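Residue strings, one per chain:
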Amino acid sequence: MTTQPTIDKHIFDILLERGFVQQSTDAAALREALDASVTFYIGFDPTADCLHVGHLVPIMLMSWLQKAGHRPIIVLGGGTAMIGDPSGKDKTREILTPEDIQHNLRAQKELFRRFVDLDNAIVVDNGEWLLQLNYVEFLRDIGKHFSVNRMIASSGAQQRLERGQGYSFIEFNYHLCQSYDYLVLNQRHGCTLQCGGDDQWFNILGGVDLVRREQGETVHALTLPLVVTSDGKKMGKTEKGAVWIEANRVSPYDYYQYWVNVPDADV
């Protein structure tokens, strides 16, 4: 492992300066929490067997926080991938088989080693607790904290409903499952900060609220700006498909050419 650079200013200031912060819960409280070492997590659903450029911003955030002395938890979503994250999608995701999910989990895990010191991080699969849940007990103990009215009012649900596309029942459950992840990680590892793309703000706040209700503890949330084009669409797609970060999927030449040829308006 290479020697980590010395960070000579507050990590929250670095994140702000570098454009990593889109929204956060109480900024003053989060800054104070980051004065000491915190355990934080970012989730990655294994929808493919490789990471793409859209993953790089949260991974870079994770690297910076780790360099500042904070402990990362990489949550590989073997459980939530069974449902499919509806955030920012105009239709229900294709449901992956358990075999595909496990294949993707194994492939993704090794890629994180390039960016994060895994010897000083925690890597977990949320399938460990989600796939073992008793559904009726989960509804009684966890579901009671969630308002259907609030879920329907979320921006993602509203966009789907306004387009007449609807929301499936399984997609509503995604919000509960991601929120439950935060509760489990808080109980098991003392996790007090969840980070993710800004399209995850509603899901992350669900976890913050669930920890408060179940544990009586105030925890934090931080979202990152999405890397989007000038018309608001996520960057990282070409005619050939996603811009992967594996040389055997996208050659270094093609990867370089993608960024060189980004239109000025998108830059």
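Our structure's up above, just so we're on the same page.
From a predicted model like this one, the values you see are computed outputs, not experimental measurements.

Rules used throughout
- Residues numbered from 1 in each chain as written.
- Predicted model: local features only at pLDDT ≥ 70, side-chain atom pairs only at ≥ 80, totals over all residues.
- Heavy atoms only, no water.
- Pairing = 2+ DSSP bridges.
- Helix = DSSP H or I, 4+ residues; strand = E, 2+ residues; numbered from the N terminus.
- Contact = heavy atoms within 4.5 Å.
- Axes fitted to C-alpha atoms, helices over the stretch in contact; angles between N-to-C directions.
- Phe/Tyr/Trp six-rings, centres within 6.5 Å; stacked < 30°, edge-to-face > 60°.
- Buried < 20%, exposed > 50% of the residue type's maximum accessible area, 1.4 Å probe, protein only.
- Lys NZ or Arg CZ within 6 Å of the ring centre and 35° of its normal.
- Right-handed = clockwise from strand over helix to strand, strands pointing away.
- Expected span 1.5 Å × (residues − 1).
- Lys, Arg positive; Asp, Glu negative; His and termini not counted.
- Salt bridge = Lys/Arg side-chain N within 4 Å of Asp/Glu carboxyl O.
- Polar contact = N/O pair within 3.5 Å; in protein donor to acceptor, adjacent residues only side chain to side chain.

Looking at the sheet that holds strand β3 (residues 71-76)
A sheet is described by the order of its strands in space; here 6 strands give the open sequence β1-β6-β5-β2-β3-β4, paired in mixed fashion. In this open sheet, the two strands that pair with only one neighbour each are β1 (23-24) and β4 (122-125). Summarising the sheet, strand β5 (residues 191-197) and strand β6 (residues 220-224) pair through 5 bridges and their orientation is parallel. Bridge assignment links Gly197 to a residue of β6, and that residue is Leu224. Running over the sheet, helix α9 (residues 169-189) touches β2 (39-44), β3, β4, β5 and β6 and is turned about 145 degrees from β5.

Thoughts on the packing of aromatic side chains
As enumerated under the stated definition, the model contains 5 aromatic pairs in all. Ring geometry for Phe138 against Tyr180: centres 5.3 Å apart, planes inclined by 85 degrees, an arrangement best described as edge-to-face. Residue Phe138 is found in helix α6 (residues 135-141), and its partner Tyr180 is found in helix α9; the two are separated by 42 residues along the sequence. Each member of the pair, Phe138 together with Tyr180, is buried. A centroid spacing of 5.0 Å and a plane angle of 80 degrees characterise the contact between Tyr258 and Trp259, whose relative ring orientation is edge-to-face. Exposure remark for Tyr258: the relative accessible area of 15% places this residue in the buried category. Residue Trp259 is classed as partly exposed on the basis of its relative accessible area of 35%. One aromatic cluster is present, formed by Tyr255, Tyr258 and Trp259 through successive ring pairs. Here the basic side chain of Arg249 rests over the ring of Trp244, its NZ or CZ set 4.5 Å away from the ring centre.

Some remarks on the pairing of β2
Counted residue by residue, β2 has 5 buried out of 6 residues, so it is predominantly covered. The pairing of β2 with β3 spans 6 bridges and is classified as parallel. Paired with Gly43 across the two strands is Val75, which belongs to β3. Handedness of the crossover is the feature at issue here: the chain leaves β2, passes through helix α3 (residues 56-67), returns alongside β3, and the resulting connection is right-handed. The sheet contact formed by β2 and β5 spans 3 bridges and is parallel. Residue Thr39 lies in a different strand from β5, and its bridge partner there is Cys191.

Topic: the environment of Val184
Within the fold, Val184 resides in helix α9. When its relative accessible area of 4% is taken as the criterion, Val184 is described as buried. Sequence separation between Val184 and Trp129 is 55 residues; the distance between their C-alpha atoms is 8.2 Å.

Focus: α3
Helix length check: α3, at 12 residues, gives a terminal C-alpha distance of 16 Å against a target of 16 Å (1.5 Å per residue), a fit within 8%. Positive backbone phi, at 100 degrees, marks Gly69, one or two positions downstream of α3.

Notes on the side chain of Asp266
With respect to the helices and strands, the residue Asp266 is situated in the segment after α11 (252-260). In this structure Asp266 is buried but unpaired, with Lys233 as the nearest side chain of opposite charge at 11 Å. A polar atom in the side chain of Asp266 sits 2.7 Å from the backbone nitrogen of Ser230.

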